[in-house]
Amino acid sequence: SVKAKLKPINLLTCKQIVHCVQMLSRVFAVIRKQDQETPDGRHHETRLFTIGEFQAQSDLGDVNLFNLIRYIRESHLSNKIQGYDHSPNIDASSVTIHTARAILSEIAGFFHCLTNADSAGRILVSLGTTDGTTCGAGGTGVPMIRYMSLNSEDPFMPLLRQCRSVILAGGTMEPIGEVRQQLLMSSNRDVTVFSCGHVIPPQNMLPIALSHGKKMELDFSFEGRKKGGMLEEVGEILLEVAKVTPGGMVCFFPSYQCLTECRAVLTRTKLLDQLSRIKTLFFDDPDRKNGDGILGCYTACVERANSTTNTGAVLFSVLGGRMSEGINFSDDLGRAVVVVGLPFANPSDPVLQEKMRYLNKNLKCTESGRTPGQTYYENSCMKSVNQGIGRAIRHIGDYATILLLDRRYGTDRIRNKLPHWIRQHLQKKATLEGATEAINMFFKAKH
């Protein structure tokens, strides 16, 4: 057996690790019991703890986590699990062992987080739900314990002290001011910022900020979407743009809830049916695990496109979702990227609130008087937008139009947070007719 292969000290340490994991799993029961004992019996789906509070809840305060972390690292325990397990009931090709190794690495990483200072982060505990539905801020329907870092500088400083120069390279680091501010809170190191333009010539892209639809000013904020006819405007705009856009179109929404609401409205008003006669429609689904299948079907449909019976496809997805990051919609897969609204996070999210409180306490306000928390809130939103619109135009010969639907994209504060290569060519359009005409002329010049 595995036990027989271990020295007594190793066996004791492994038992300590198992005991700590068991204590972590009991946290959920402890919190549920506390909820039941409160006077109002209120159920907290998500709870935030300081590191010290969480150690008290889990009874890990008396455990020497440094010893356990060092043992897992120096003994290469996670790598040895597969070699130790010779059970005939486990298929070597199964993911069971690989999953166990990954889990042990995650546990070691979480133990390391628990050794940080109280001010460095918070522990988020999501209790989950009995039916598996999504619950609370950051909840997934499954009980979960997660460490949330508040101080980005602490893990970065050891690297900075060891190196004479550090290069941070990335394609979606805008707005860059926040990166500098959070990574170098207390450092006076000189920072040089170098930003390149896009490889494509200016005539190969057409970014448009559209402030009005057919009948009304576009405002896809949470309150704005409640206005009668607002979501119908999305269908009207897509209908006109699809008529003049070849190949594939990708339409990003701020959330799955907004996408679901819009789909219901466009179905009821028959606008979705009209759009489907021009292009085949595909919808990303948060509950469907077959994301690759949806993308594969969309790709195949676009590749079969012709000028008569099939003019391409429209893929509906969400900013921050699996389709908006790490996937290339090059060439005909993304001749148009449409962004509906701005994906601002729920301001009542306890994780967001904690992060904003920390930044407001430790950083200065901007010259315009905006708090660091407000700046972080806005920048997080714009990073999702920038990730989404960067899915198209993937090589020097590529071309596409980028259509931003919301009056707020016309304001300087939002526009200045877009990538420079888009910002310098952004056209503001106040009418759908003006935008459609510009898009039509853009694609005619390419054929």
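Given the structure is predicted, the values throughout are model-derived calculations rather than measurements. (Residues numbered from 1 in each chain as written. Predicted model: local features only at pLDDT ≥ 70, side-chain atom pairs only at ≥ 80, totals over all residues. Heavy atoms only, no water.)

1. Describing the sheet that holds strand S1 (residues 46-49)
Link 1 in the chain: In space, the 3 strands of this open sheet follow the order S1-S2-S3, with antiparallel pairing throughout. In this open sheet, the two strands that pair with only one neighbour each are S1 and strand S3 (144-149). Put simply, the sheet's adjacent strands are angled 25° from each other on average, direction ignored.
Link 2 in the chain: The strands touched by helix H3 (residues 51-58) are S1, strand S2 (121-126) and S3; relative to S1, the strand with the most contacts, the crossing angle is about 115°. (Pairing = 2+ DSSP bridges. Helix = DSSP H or I, 4+ residues; strand = E, 2+ residues; numbered from the N terminus. Axes fitted to C-alpha atoms, helices over the stretch in contact; angles between N-to-C directions. Contact = heavy atoms within 4.5 Å.)

2. Quick notes on unusual backbone geometry
When glycine is set aside, most residues are seen to have a negative phi, and most peptide bonds are trans.
Link 1 in the chain: Even without being glycine, aspartate 331 reaches a positive phi, approximately 50°.
Link 2 in the chain: Relative to the assigned elements, aspartate 331 resides in the loop between strand S7 (313-318) and strand S8 (336-340).
Link 3 in the chain: Classification of aspartate 331 as partly exposed rests on a relative accessible area of 31%.
Link 4 in the chain: Of note, the phi angle at isoleucine 393 is positive, near 55°, even though the residue is not glycine.
Link 5 in the chain: For isoleucine 393, the position within the fold is in the loop between helix H14 (372-389) and strand S9 (400-405).
Link 6 in the chain: Its relative accessible area of 3% is what places isoleucine 393 among the buried residues. (Buried < 20%, exposed > 50% of the residue type's maximum accessible area, 1.4 Å probe, protein only.)

3. What about the nonpolar core?
Link 1 in the chain: One finds Phe253, Phe316 and Leu405 to be the most contacted residues of the largest nonpolar core, which totals 42 residues.
Link 2 in the chain: In terms of residues, this core owes the most to one element, helix H9 (residues 230-244), which gives 9 residues.
Link 3 in the chain: Every residue in contact with leucine 405, bar those within four places of it in the chain, is listed here: Leu210, Leu218, Phe220, Ile237, Val338, Val339, Val340 and Gly341.
Link 4 in the chain: Core analysis: the second largest hydrophobic core is formed by 36 residues, Ile294, Leu295, Ile389 and Ala392 among them. (Core = buried A, V, L, I, M, F, W, Y, C linked by side-chain atoms within 4.5 Å.)

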